[in-house]
Amino acid sequence: MSFLRLFARNKGAVIGLVILGTVVAIAAAAPLLYPEDPWRSVGRPLLPPFENLRFPLGTDMLGRDIAAGIAHGARVSLLIGLVSTSVAVLIGVGLGAVAGFLGGRLDDLLMRFTEFFQTIPAFAMAILLVAIFTPSIASIILAIAVVSWPPVARLVRGEFLTLRSREFVQAAVVIGQSGPRIMFSQILPNAMSPIIVAGSLMVATAILTESSLSFLGLGDRNMMSWGFMIGAARTMLRDAWWMSVFPGLAILLTVLAINLVGEGLNDAMNPHLRGRRA
Amino acid sequence: MRDTTKRLLAATAILALGLVPAAAQGSAEEPRAGGVLNMIAQPEPPMLMVGLNTQGPTLYVGGQIYQSLLTYGQNLEVLPSLAKAWTVSDDGLTYTFTLEDDVRWHDGEPFTSADVVFTADAFLREAHPRWRHIATTYVDSIEAPDEQTVVFRLSKPFSAFIYAFELSSFPVVPRHIYEGTDYRTNPANQTPIGTGPFKLQEWRRGSYIHLVRNEDYWKEGLPLLDELYFRIIPDSASRAVAFERGSVDVLRGGDVEGFEVRRLSGLPDAQTTTEGWEMYSPVVFLQMNLREPPFDDVRIRKAVMHALDRDFIVENVFFGLGEPATSPIASTTRFHSEDTVAYPYDLDEAKRLVEEAGLDAQAHPVRLMPLPYGSQWDRLAEYVKQQLEDIGLVVDIRGVDPGGWSQALSEWDFDVTFNFTYQYGDPALGVARHYLSSNIIKGTPFGNNQGYDNPRVDELFLEAAGAVDLQEAADAYAEAQTILTDEVALGWLFEMRNVTIMRDDVRNLVRTGIGVNEAMDEVWLDR
C-alpha cells in the first residue's frame, strides 16, 4: 500500500492535515490578507466579534484587529515550531547517532549528559534561558531547542543500537565504508520514520512552549504571537472574552492538528501498527 | 447567568437592609466605635519602618504606626499632626513647631522634642535621601529649646520647607530605640514602635499584617476601629474577588487593574473616590535620553509629543483613570501653569518635524523599555512603539524586570522609557529634581536621568525655591514650565488618578491629601 493511502486510512490524520493546511495557508497569506501591522490600532477598542464585518473577530483594548493578530501570530508560531524543532532534531540526531553507533565510554558520557538535561523540568529551563538571554525570537528558538532535544537523542541512540548489528550494516563495514558514511547513508535512512514522527509531535510542543513563554511575558515583544495575545487579554477575560478565546482556539486547533498528523504519520510509517485499524 | 442573578439578589438585599438603619438615623451620622477594617498590602512591604522604606505599601501600613509633624489637606493646606502649632518667621528662615502634649510611644516612653531633633538631624539625614538633600542644602540648625518645641533655622529661604514634614518625608522615629545603633540593621525595624493610632500585633509573612488599637493614643477617644488587617494577596484577580466577596473592605489605588476598577466601582455596595492623592499627584512621563540621537534633537522630541494621543492613552490604556498632562507640574498641586507649549495629537505635524530633522532612523534605532509594573504599562509601550514607527522611527521593545529597569535608567543606559514620580505638594520637592542639571547623577532612577541641562531652568527653579513671596515663585515656575514644555525635557503623558474603592459603610477613610496613608484614627464603620 502506498504511504498516502496508509495515511489516509486514519480519518483523524486527514482532518488534522486539513486544519494544518489551513493554518499554513493563513500564515502564508497573512501579509496579503492583513497588510497593516497587526500592532496598529485600526478600530474602536474592545469591539465585540461578529458585529463589524471589518473586524470579524473583534478588536482588543487598543483597537487592534484580533483576526490580523491571529493571522500574523500563525507565522510566528509555525516559524518557531519548525525552526526550533529542526535545531532540536539536529542536536538530538547528532548526539544520539554518535552515542548509539560508537557505544562504549562515549555512549555513557553522552547519555549521562542527555539525562542531565532530562532531569531539569523543560519549561522551567526554557523560562530561565529566555530570561537570561533577554526575550527575542532567536533566544526563544534556542531555549526551546535546548530543552527538547534529549528525547530525540535517546530515540536515535536506540535505533542506532539495534540497527548497527543488522546484516546490511555489517556488510557495509566489510566493504570498508567509513564510520560516518555508514551512520548517515546506511543507518540514518532506516531510522527516519520514528524521527519524523517524534519531530512532528515536537513541533506541537514547541508551539505550546512558545505560547506559554509569550503568555508569561517572555515572548519577543516586537512580534505578534498567540500566547502573547492571551497573556495580554487574560486579565480582561470577564469583560472581553473574544480577546483570549480566539487566539486560544488557534493554539488548540493547530496543536491538535499537528498531533493528529503526527499520529497518522506514526500509523503509516510504523509497520508494526499497520494492521491496527484494519 | 445564575451567578449574576445571585449577585443581583444579594445586591437588592444589601440595599434593602442598608436603607433601614440609614433612614432611622437620619443624615447626621454619629461616629461609632469598634470593628475591624480589612485592607490589602500590595505588594507585601519589605518592612514597616517608614523612615527606611517609603514604598507605597510601607507607607500605607506604616502610616498607622508612625506619624509625622504635619499633614496636608486635599487643597494642600498645612494641617497639624504631631505638631499642634507652627510659626514661620517673616524672613522665611526660622520654623518653630509646638508639639502635642502627652504623646507616648507604643512602648510607653514619652515622645518629646528630642525625638524630633534626633529624627531630623541624625536618623533621616542618614537614611532618607530626600530629607538629606533638604537638610544639607537649607538647614542650618535644629534645636529643642524645651520638651514641646523644635526650631529649624535655615541658611536661606526655602518656600517648600513647610511641605517637607509629610509622612513619607518626615516620619518621626523614637530616639530611645535608634540612637547609637545601626538604623538599617536595628532589630526594632521588625517590631515598629511609633506614636500612631494602631500598634503592630502580628505579621504573618505572605498572609497578613494585623494591627490593633493603641489604647494610649494621644487623641482622646480615638481611634474608633479596634483592628486593622492588611491582607497579602499576590494575584490581582484574587484581590478583586476578595473585595467582591466582602473579605476586604478597601482597595487602594493600584490594588486592582484599571478595568477591574470600572467593574468593582459599579458594585452596589461600593463607593469610590479619586481624592487623597493630591500631595503625591503622580505624573506619568516618557523619558527620552537626550544625550544621543535621535532624541538629542528637539524636533524629534516635539514630533514624539505630537505623535502620541494622550486622550487615547488615558481612555484605552488606563481605562480613564487619568487626565492628559500639559505641564511638568501637576494641575492638582501648587504653581501649575496653563501657559505652556501644547502638543495636540497631529501625525502630519509629527512626520513633518521628523523629516525636517533629517533623521536617519535606520542608523539610530530606538530601544523602548516598558515600565515593568504590569499589563497596562506593556500596552502603553506597544501603543507608543506603534505611533513612533508611524512617524518613521525604528523602535524595538526591550522588556526588563523591575531591577533591570531601575538599573538601566540609573546608569543612563536607555533610549526611551516610562516613569512616574510623586510631586510632594511643591515643585521644589518633587518636580525640580528631574530638570536641575545638578541632579544629573547616576544611581537613582528618579533624578535627571535624561540629562536635561539648561542654566536658565536651573536658575528659575532655585529662584522659585528660595522665594519668600509666593507670586515670585509662581512667576519663576511659570517661565520654567514654558521653557521645559518648549524643549520637551520629558514627554509628559498624563496625571494619574488613583481610585480608592471601599465598602459603602466605611467612613472618614480619605480625609487628607495623603489619602489612605493618613492615620486612620477617625475611620469608622457604619455597620
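Residues numbered from 1 in each chain as written. Chains lettered and ligands numbered in written order. Predicted model: local features only at pLDDT ≥ 70, side-chain atom pairs only at ≥ 80, totals over all residues. Heavy atoms only, no water.

**Student:** An account of the overall build of chain B is needed here, citing residue identities and associated values.
**Tutor:** Helices and strands together make up the secondary structure of chain B, namely 15 helices and 21 strands. For chain B, whose C-alpha radius of gyration is 24 Å, the value lies close to the compact-globule estimate of 24 Å for 527 residues. If you line up chain B on its principal axes, its C-alpha atoms span 70 × 70 × 40 Å. Taking all 527 residues of chain B together, 57% fall into the buried category. Summarising the internal contacts of chain B: among those between residues at least 6 apart in sequence, 70% fall at separations of at least 24. Accessible surface for chain B amounts to roughly 20,600 Å². Of this, 50% is attributable to carbon and sulfur atoms. In chain B, which carries 44 positive and 79 negative side-chain charges, the distance between the mean positions of the two groups comes to 6 Å. (Helix = DSSP H or I, 4+ residues; strand = E, 2+ residues; numbered from the N terminus. Rg over C-alpha atoms; globule rule 2.2 N^0.38 Å. Buried < 20%, exposed > 50% of the residue type's maximum accessible area, 1.4 Å probe, protein only. Contact = heavy atoms within 4.5 Å. Areas by Shrake-Rupley, 256 points an atom, 1.4 Å probe, with all protein chains shown as cover. Lys, Arg positive; Asp, Glu negative; His and termini not counted. Charge placed at Lys NZ, Arg CZ, Asp CG, Glu CD.)

**Student:** So what about the nonpolar core? Which residues, and what values?
**Tutor:** Counting residues in hydrophobic clusters, the biggest one holds 202 residues, and the most contacted among them are Leu37, Leu69 and Phe152 of chain B. With residues near it in sequence (within four places) discarded, Leu69 of chain B still touches Pro80, Ser81, Leu82, Ala83, Phe97, Leu99, Val116, Phe165, Phe170 and Val172 of chain B. Ala143, Ile144, Ile187 and Ala206 of chain A belong to the second-largest nonpolar core, a separate cluster that totals 37 residues. (Core = buried A, V, L, I, M, F, W, Y, C linked by side-chain atoms within 4.5 Å.)

**Student:** Help me get a handle on the pairing of strand S9 (residues 208–213) of chain B, residues and values and all.
**Tutor:** Residues and elements named next belong to chain B. With respect to burial, S9 is a largely interior element, five of its six residues being buried. Here six bridges tie strand S8 (residues 198–204) to S9, and the two strands are oriented antiparallel to one another. Residue pairing for S9: Glu202 is matched across the bridge by His210. Where S8 folds back on S9, the antiparallel hairpin that results is connected by three residues, among which Gly206 adopts a positive phi of roughly 80 degrees. Strand direction decides the pairing type here: S9 and strand S10 (residues 227–231), joined by five bridges, are antiparallel. The residue bridging Ile209 from the neighbouring strand is Phe230, located in S10. (Pairing = 2+ DSSP bridges.)

**Student:** I'd like a description of the packing of aromatic side chains, backed by residues and values.
**Tutor:** Two aromatic rings, taken as a pair, are described by how far apart their centres are and by the angle between their planes. Residue and element names in this part refer to chain B. Applying the stated criterion across every chain yields a total of 48 aromatic pairs over all chains. Pairing Phe165 with Phe170 gives two aromatic rings, centres 5.0 Å apart and planes at 65 degrees, and the pair type is edge-to-face. Here Phe165 matches Phe170 in class, with each residue buried. Between Tyr435 and Trp492 the ring centres are 6.4 Å apart and the planes differ by 50 degrees, which places this aromatic pair in the tilted class. Of this pair, Tyr435 sits in the loop between helix H13 (427–430) and helix H14 (455–466) while Trp492 sits in strand S18 (residues 491–496), and the two are 57 residues apart along the sequence. You'll find Tyr435 and Trp492 in the same group, each marked buried. An aromatic cluster of three or more residues is present, and its members are Tyr95, Phe97, Trp131, Phe152, Phe161, Phe165 and Phe170. Lying over the aromatic face of Trp203, Arg205 brings its terminal NZ or CZ to 3.7 Å of the ring centre. Geometry around Tyr229 places Arg231 over its ring, the cationic atom sitting 4.5 Å from the centre. (Phe/Tyr/Trp six-rings, centres within 6.5 Å; stacked < 30°, edge-to-face > 60°. Lys NZ or Arg CZ within 6 Å of the ring centre and 35° of its normal.)

**Student:** How would you explain helix H4 (residues 129–138) of chain B if you had to name every residue and give the values?
**Tutor:** All names here are of chain B. All of the buried residues in H4 are Trp131, Ile134, Ala135 and Tyr138. The buried residues of H4 occupy an angular sector of 100 degrees when projected down its axis, which confines them to one face. Set apart from the buried face of H4 by more than 90 degrees, the exposed residues are Pro129 and Thr136. Buried residues belonging to H4 abut helix H3 (113–127), strand S6 (139–146), strand S7 (149–154), H13 and H14. (Arc of directions from axis to C-beta.)

**Student:** Give a description of the domain arrangement of chain B that names residues and reports values.
**Tutor:** Residues and elements named next belong to chain B. Along its sequence, chain B is organised into domain 1 (2–65 + 196–274 + 501–525), domain 2 (70–178) and domain 3 (283–496). Between the C-alpha centres of domain 1 and domain 3 there is a distance of 34 Å. Taken together, the contacts link five residues of domain 1 with four residues of domain 3. The three residues of domain 1 that bury the most area against domain 3 are Glu257, Gly258 and Arg262, which together make up 63% of that side's buried surface. (Domains from an automatic or database assignment. Buried area = accessible area lost by both parts, 1.4 Å probe.)

**Student:** Residue-level account of a negative patch on the surface, with values.
**Tutor:** Judged by side-chain charge, Glu463, Asp469, Glu472 and Asp475 of chain B come together as a negatively charged surface patch. Along the chain, the position of Glu463 of chain B falls in helix H14. (Patch = residues over 30% accessible without salt bridge, like charges linked within 9 Å, V, L, I, M, F, W, Y side chains within 5 Å. Salt bridge = Lys/Arg side-chain N within 4 Å of Asp/Glu carboxyl O.)

**Student:** Describe the sheet that holds strand S5 (residues 94–99) of chain B, with residues and values.
**Tutor:** Backbone-to-backbone hydrogen bonds join strands into a sheet, with any given pair of strands oriented parallel or antiparallel. Residue and element names in this part refer to chain B. Across the sheet, which stays open at both edges, the four strands sit in the order S4-S5-S7-S6 with antiparallel pairing between neighbours. Either end of the sheet is taken by a strand with one partner, and the two such strands are strand S4 (83–88) and S6. For this sheet the average axis-to-axis angle between neighbouring strands, irrespective of direction, equals 15 degrees. Summarising the sheet, S5 and S7 pair through five bridges and their orientation is antiparallel. (Axes fitted to C-alpha atoms, helices over the stretch in contact; angles between N-to-C directions.)

**Student:** Quick one: what's the story with the pattern of salt bridges, residue by residue and with numbers?
**Tutor:** Residues and elements named next belong to chain B. This structure, assessed with the given rule, holds 40 salt bridges over all chains. Measuring nitrogen to oxygen at the nearest pair gives 3.6 Å for the salt bridge that ties Arg175 to Glu179. Judged by its relative accessible area of 33%, Arg175 is partly exposed. Exposure remark for Glu179: the relative accessible area of 47% places this residue in the partly exposed category. With a shortest N-O distance of 2.8 Å, Glu356 and Arg352 are connected by a salt bridge. On the criterion of helical spacing, the pair formed by Glu356 and Arg352 is a turn pair, its members being four residues apart in helix H10 (residues 347–357). Residue classification places Glu356 among the partly exposed positions, given a relative accessible area of 43%. By sharing partners, the salt bridges in this structure join Asp249, Asp269, Arg503, Asp505 and Arg527 into a single network.

**Student:** Give me the lowdown on the packing of helix H5 (residues 122–132) of chain A against helix H8 (residues 179–215) of chain A, citing residues and values where you can.
**Tutor:** All names here are of chain A. Contact geometry for H5 and H8: axes closest at 11 Å, N-to-C directions at 55 degrees. Comparing the axis directions of H5 and H8 gives the class oblique. Once H5 is placed against H8, the crossing between them reads as right-handed. Facing Phe123, Ala126, Ile127 and Val130 of H5, the residues of H8 in contact are Thr209, Ser212 and Leu213. In terms of residue class, the contact of H5 with H8 is made up of five nonpolar, two polar and no charged. (Parallel < 35°, antiparallel > 145°, perpendicular 65-115°, else oblique. Left-handed = near helix turned anticlockwise from the far one by under 90°. Nonpolar A, V, L, I, M, F, W, Y, C, P; charged D, E, K, R; others polar.)

**Student:** An account of helix H12 (residues 402–410) of chain B is requested, with residue identities and associated values reported.
**Tutor:** Residues and elements named next belong to chain B. Among the residues making up H12, those that are buried are Trp405, Ala408, Leu409 and Ser410. Of the surrounding elements, those touching the buried residues of H12 are strand S13 (283–288), strand S15 (366–369) and strand S17 (416–421). Structurally, the start of H12 carries an N-cap: the backbone nitrogen of Gly404 is 2.8 Å from a side-chain oxygen of Asp401. Trailing H12 by a residue or two, Trp412 shows a phi angle of about 65 degrees, which is positive. (Polar contact = N/O pair within 3.5 Å; in protein donor to acceptor, adjacent residues only side chain to side chain.)

**Student:** Kindly report on the sheet that holds S10 of chain B, identifying the contributing residues and their values.
**Tutor:** Residues and elements named next belong to chain B. Strand order in the open sheet formed by four strands is S1-S10-S9-S8, and the pairing between neighbours is mixed. The sheet terminates laterally at strand S1 (36–40) and S8, the two strands that pair on one side only. Put simply, the sheet's adjacent strands are angled 20 degrees from each other on average, direction ignored. As defined by bridge partners, S1 adjoins S10 across five bridges and the pair is classed as parallel. Of the residues in S10, the one forming a bridge with Leu37 is Leu228.

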